[in-house]
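Residue-level listing of the chains:
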Amino acid sequence: MTTNILVTGATGTIGSQVVKALRGAPGVTVRAAVRSAEKAKALAGDGVVAVDFDYANEGAVAKSLEGVDAVFLVTPFVPNQAEIAARFVAAAKKAGVARIVKLSAIGVESEPGIQLGRWHRASEKAIEASGISYTFLRPNNFFENFIGYYPPGADGNIYLPLGDAKVSYVAGADIAAVAKVALTQTGHEGKAYDITGSEAFGVADAAKAIGEVTGRTITYVDVPEQAAQQGMAGAGMPDWMVDAMMELHAIDKAGYASAVTDVVQKLTGRAPTTFPAFAKENAARWKK
């Protein structure tokens, strides 16, 4: 019996790694949801098929869900993401989807919480109310953020307003490994998993690890909150995004993101990836 799994956000930081984790799995066919299947032919093969997908296109969503058993759901980082998720969940229910594994965020159950958490929790509630079997993955910040969102610049500096706070960052590959288990095995229905790495560390520790694998001098510069806010606005980020990110940074700086869980070890049978190992594997991404 073949399990058909739709992976949304299939070219994103986590979705792409979920596709990789599921590729070639026995009895699994993966539909990689992308804006243009024609442009994503490289994704195809080993049980993976690219499908046209756009949350704003009801027809494309319905077609992508035909015959699907399970969904890995990634909602876009937009202010109406909860509404987008609710519409998608309704379409998934209509299509007969049996399971949704949603990429959420650690701490979303806190009340009143931060805006990012409220958006994710609203999406979770829509899934709970649908009657579809679900698993919520609630990871901490990603290792990959040091590549895509706040990498060292040409000057070798990483600028963040986090003080000396430690965060239990986690590798995207570890999140994907947990997602694979939740998508293909039973026993995870109705569960919410907080996913972290094996230890909490500061930005200065990340800078040191990146410097060691690249041969560069990498330095963490602790930026005052106002300067960070002005920098994001100056880079063209909309106000809602700046506000959401500053709230997230404030939570991290206050020490609320340092807890460590054993979810990766328990569900995958292996220890989480360490940041030094991740840095070594991705050294070329930081070399100038």
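Our structure is the block above this text.
Residues numbered from 1 in each chain as written. Predicted model: local features only at pLDDT ≥ 70, side-chain atom pairs only at ≥ 80, totals over all residues. Heavy atoms only, no water.

Participant: How would you summarise unusual backbone geometry if you had to cite specific residues and measurements?
Facilitator: Most peptide bonds take the trans configuration, and most residues that are not glycine carry a negative phi. With an omega of 0°, the peptide bond between glutamate 111 and proline 112 qualifies as cis. If you trace the backbone, proline 112 turns up in the loop between strand E5 (99-103) and helix H4 (115-130). Positioned with a positive phi, aspartate 46 is a non-glycine residue whose angle comes to about 55°. Following the sequence through the fold, aspartate 46 ends up in the loop between strand E2 (28-34) and strand E3 (48-52). Classification of aspartate 46 as exposed rests on a relative accessible area of 56%. (Helix = DSSP H or I, 4+ residues; strand = E, 2+ residues; numbered from the N terminus. Buried < 20%, exposed > 50% of the residue type's maximum accessible area, 1.4 Å probe, protein only.)

Participant: Requested: an account of the pairing of E2, with residues and values cited.
Facilitator: One face of the sheet, then the other: side chains in a regular strand alternate in exactly this way. Of all seven residues in E2, six are buried; the element is thus mostly enclosed. In this structure, strand E1 (residues 3-7) lies alongside E2, joined through five bridges in parallel fashion. Residue pairing for E2: leucine 6 is matched across the bridge by arginine 31. Read from E1 through helix H1 (residues 15-22) to E2, the crossover connection turns out right-handed. Bridge count between E2 and E3: five bridges; the pairing is parallel. Along E3, the bridge assignment pairs valine 34 with aspartate 52. (Pairing = 2+ DSSP bridges. Right-handed = clockwise from strand over helix to strand, strands pointing away.)

Participant: Which residues make up the sheet that holds E1, and what values go with them?
Facilitator: Strand order in the open sheet formed by seven strands is E3-E2-E1-E4-E5-E6-E8, with parallel pairing between adjacent strands. In this open sheet, the two edge strands, each paired with only one partner strand, are E3 and strand E8 (191-195). Taken over all neighbouring pairs, the strand axes of this sheet differ in orientation by 20° on average, direction set aside. Bridge analysis of E1 against strand E4 (residues 70-73) gives three bridges, and the strand direction is parallel. From the neighbouring strand, valine 7 faces E4, where its bridge partner is phenylalanine 72. Packing against the sheet, helix H6 (residues 172-184) makes contact with E1, E2, E4, E5, strand E6 (133-139) and E8, and its axis sits at approximately 165° to E5. (Axes fitted to C-alpha atoms, helices over the stretch in contact; angles between N-to-C directions. Contact = heavy atoms within 4.5 Å.)

Participant: Which residues make up the packing of aromatic side chains, and what values do they have?
Facilitator: Evaluation of the coordinates by the stated rule reveals 16 aromatic pairs. Both rings, one in phenylalanine 53 and one in tyrosine 55, keep their centres 4.8 Å apart while their planes meet at 85°; by these two values the pair is edge-to-face. Note on phenylalanine 53: relative accessible area 8%, which makes it buried. For tyrosine 55, a relative accessible area of 18% translates into the label buried. (Phe/Tyr/Trp six-rings, centres within 6.5 Å; stacked < 30°, edge-to-face > 60°.)

Participant: Break down the nonpolar core for me, with residues and values.
Facilitator: Of all hydrophobic cores here, the largest spans 37 residues; its most connected members are Val7, Val18, Phe72, Leu137, Leu183 and Ile195. Residues contacting isoleucine 195, with those up to four places away along its chain left out, are Leu137, Arg138, Pro139, Asn140, Val170, Ile175, Val178, Thr261, Val263 and Val264. By size, the runner-up hydrophobic cluster in this structure holds 23 residues, among which are Ile147, Ala206, Ala257 and Ala279. (Core = buried A, V, L, I, M, F, W, Y, C linked by side-chain atoms within 4.5 Å.)

Participant: Any details on the side chain of serine 168? Residues and values, ideally.
Facilitator: Mapped onto the fold, serine 168 is located in the loop between strand E7 (157-160) and H6. Here alanine 259 takes part through its backbone oxygen, which lies 2.6 Å from a polar atom of the side chain of serine 168. (Polar contact = N/O pair within 3.5 Å; in protein donor to acceptor, adjacent residues only side chain to side chain.)

Participant: Just give me the short version of the packing of H1 against H6, but keep the residues and values in it.
Facilitator: Interaxial distance between H1 and H6 falls to 8 Å at its minimum, and their mutual angle equals 55°. The orientation of H1 relative to H6 falls into the category oblique. Like other packed secondary-structure pairs, H1 and H6 cross with a definite hand, here right-handed. Residues Gln17, Val18, Ala21 and Leu22 of H1 pack against Gly172, Ala173, Ala176, Ala179, Lys180, Leu183 and Thr184 of H6. Per-class residue counts for the contact of H1 with H6 are seven nonpolar, three polar and one charged. (Parallel < 35°, antiparallel > 145°, perpendicular 65-115°, else oblique. Left-handed = near helix turned anticlockwise from the far one by under 90°. Nonpolar A, V, L, I, M, F, W, Y, C, P; charged D, E, K, R; others polar.)

Participant: How would you summarise the pattern of salt bridges if you had to cite specific residues and measurements?
Facilitator: Across all of its chains, the model carries ten salt bridges by this definition. We note a salt bridge from lysine 41 to glutamate 38, for which the minimum N-O separation is 2.9 Å. Of the two residues examined, lysine 41 and glutamate 38, each falls in the exposed class. One salt bridge connects lysine 266 with aspartate 262, and the closest N-O pair in it is separated by 3.9 Å. Given a relative accessible area of 64%, lysine 266 falls into the exposed group. When its relative accessible area of 41% is taken as the criterion, aspartate 262 is described as partly exposed. Overlapping salt bridges, with partners in common, bring together Glu109, Arg121, Glu124, Glu128 and Arg138 in one network. (Salt bridge = Lys/Arg side-chain N within 4 Å of Asp/Glu carboxyl O.)

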